Amino acid sequence: MERFRPSSLVATRRALLIGAMTLPFLGQSLRGSTLTKTADEADMLFGCAVRADQLFADRDFRALVTSECGEITPELELKWAFVEPDAGKYNFSSADVLAAFASENGKALHGHTLLWHDSIPPWAAAQLAQQSDWTIISRFIAETVTRYRDKISTWDVVNEPILIGQRDDGLRASPFLEAFGSGYVAHALKEVRKLAPKAKLFINEFGLLYDLPQDRLKREALLQLLETLKKWGVPLSGIGIQGHLELQHQSNFNQQVFADFLNRLGGLGLEIRISELDVKENRTELPADIRDQRAGEAVKALLDVAVENKAVGTITSWGLSDRYSWLPGAGETAGYNRGLPFNTDLKIKPIYAAIQQALAKRARQKP
Ligand code: XIL
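We now turn to the structure provided with this report. (Residues numbered from 1 in each chain as written. Predicted model: local features only at pLDDT ≥ 70, side-chain atom pairs only at ≥ 80, totals over all residues. Heavy atoms only, no water.)

## Comments concerning the site of the ligand
- All residues adjacent to the ligand are Glu75, Leu76, Lys79, His112, Trp116, Asn159, Glu160, Gln242, His244, Glu276, Trp318 and Trp326.
- Between the ligand and Lys79 there is a distance of 2.7 Å, counted from an oxygen atom to a side-chain nitrogen or oxygen.
- Considering the ligand on its own, with 410 Å² of exposed area, one finds that the protein chains cover 77% of that surface.
- Looking at the shell around the ligand, the elements that each hand over two or more residues are strand E3 (108-116) and strand E6 (238-246).
- In terms of residue class, the shell around the ligand is built from four nonpolar, four polar and four charged. (Near = heavy atom within 4 Å. Polar contact = N/O pair within 3.5 Å; in protein donor to acceptor, adjacent residues only side chain to side chain. Areas by Shrake-Rupley, 256 points an atom, 1.4 Å probe, with all protein chains shown as cover. Helix = DSSP H or I, 4+ residues; strand = E, 2+ residues; numbered from the N terminus. Nonpolar A, V, L, I, M, F, W, Y, C, P; charged D, E, K, R; others polar.)

## Concerning empty space enclosed by the protein
- Applying the stated criterion across every chain yields a total of one cavity of 30 Å³ or more.
- One number sums up the size of the largest cavity: a volume of about 40 Å³.
- Listing elements by their share of the lining of the largest cavity, those giving two or more residues are E3 and strand E7 (271-280).
- The element best represented in the lining of the largest cavity is E7, accounting for three residues. (1 Å grid on protein atoms, 1.4 Å probe; cavity = no way out; pocket = protein on both sides within 12 Å on 5 of 7 lines; lining within 4 Å. Points joined across faces, edges and corners; volume = space filled by probe spheres on them.)

## Digging into the layout of surface pockets
- Each pocket or cavity is described by its volume, and for the largest pocket that value is around 780 Å³.
- Forming the walls of the largest pocket are 31 residues, and the residues nearest its centre are Glu160, Phe206, His244, Lys280 and Trp326.
- Every element with two or more residues in the lining of the largest pocket is listed here: E3, helix H11 (213-231), E6 and E7.
- Broken down by secondary-structure element, the contributors of at least two residues to the lining of the second largest pocket are E3, strand E4 (152-159), strand E5 (200-205), E7 and strand E8 (312-317).
- Of the residues belonging to the lining of the second largest pocket, the class tally is five nonpolar, four polar and four charged.

## A look at unusual backbone geometry
- Note that the residue after His112, namely Thr113, is joined by a cis bond; omega there is -5 degrees.
- Here Thr113 lies in strand E3.
- Here the phi dihedral of Glu160 falls at roughly 60 degrees; this positive angle occurs in a residue that is not glycine.
- A positive phi angle is found at Glu276, which is not glycine, with a value near 55 degrees.
- Relative to the assigned elements, Glu276 resides in strand E7.
- Judged by relative accessible area, which is 6%, Glu276 ranks as buried. (Buried < 20%, exposed > 50% of the residue type's maximum accessible area, 1.4 Å probe, protein only.)

Structure (structure tokens):
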């Protein structure tokens, strides 16, 4: 029996499908080439965030990650709170599992992340609040970076250092900044450079995508930070632009504005990673195929611009399948769970097609 649908929904559905014509609803036939293969052809890298427990409990999912990704990012396993839950007692067992998976399968392993305000172990937060003791940070950085020196060649050294509305320079008043002043970003980058002379060092940031006042301010604050670091000769290789798309803001995605931002970053000699790609929905009452189509359109809009810029070398999604999406756990998006390239049955969705097409476009542009 046909499911009852209010007529306004049918109309919306038709309008949305027509609007989405530029992104054909591609079926399983598209699986002829994997994302990592197309990325290879484009001299790019495609990857995703994974957790060790998911990879090892779920054979089908592991096979999917193995075939689709050229790089993996530990979703949790390298964060400070995870690695050093008690002072001086390191737990690298889960990160080691991911490192072994990566090397056995020829995948790059991305180091995410060393300094993040949201993953400071409680004991360290208490200590930082009392005294400006960089040695606890030094020790964690040294243990972690040295352990994976041969396995990790790209690091998110500082994650999310910008927050508009706290300080004139746009830097986040994080426990790191409170304890060590604004120089902590440069200090951390120099320290990691000494331990890993060949690694590419990144700053990774969110809230940079839309033509909205908040994002505009954030782009400017970030550019200011990056210009200063470059002027000081601080070892910074690139910038990760977190691709957390939000459909509620999609009408404020302006391709020209985003292209200009990428150009300015590239102009500073920085490599660009489109990191943490996923889509937060806003209309969960719509039929699933329409929801998927809208999410695919948002990814297409972003990546079409991204692949035009040669400084963009890597695209990673924050998870691969809705089966393990972090989105439902992310507070305000509870229940919104269709934001990744594969659905919960590990079948491709329009997001997948959008990534494939963007990578293929870049491959065709090769000289
Ligand atoms: C998230 C993980 O996905 C969650 O499982 C965890 O509870 C919190 O961290 N920006 C980042 C990522 O840089 O590290 C975050 O990952 C998502 C937002």
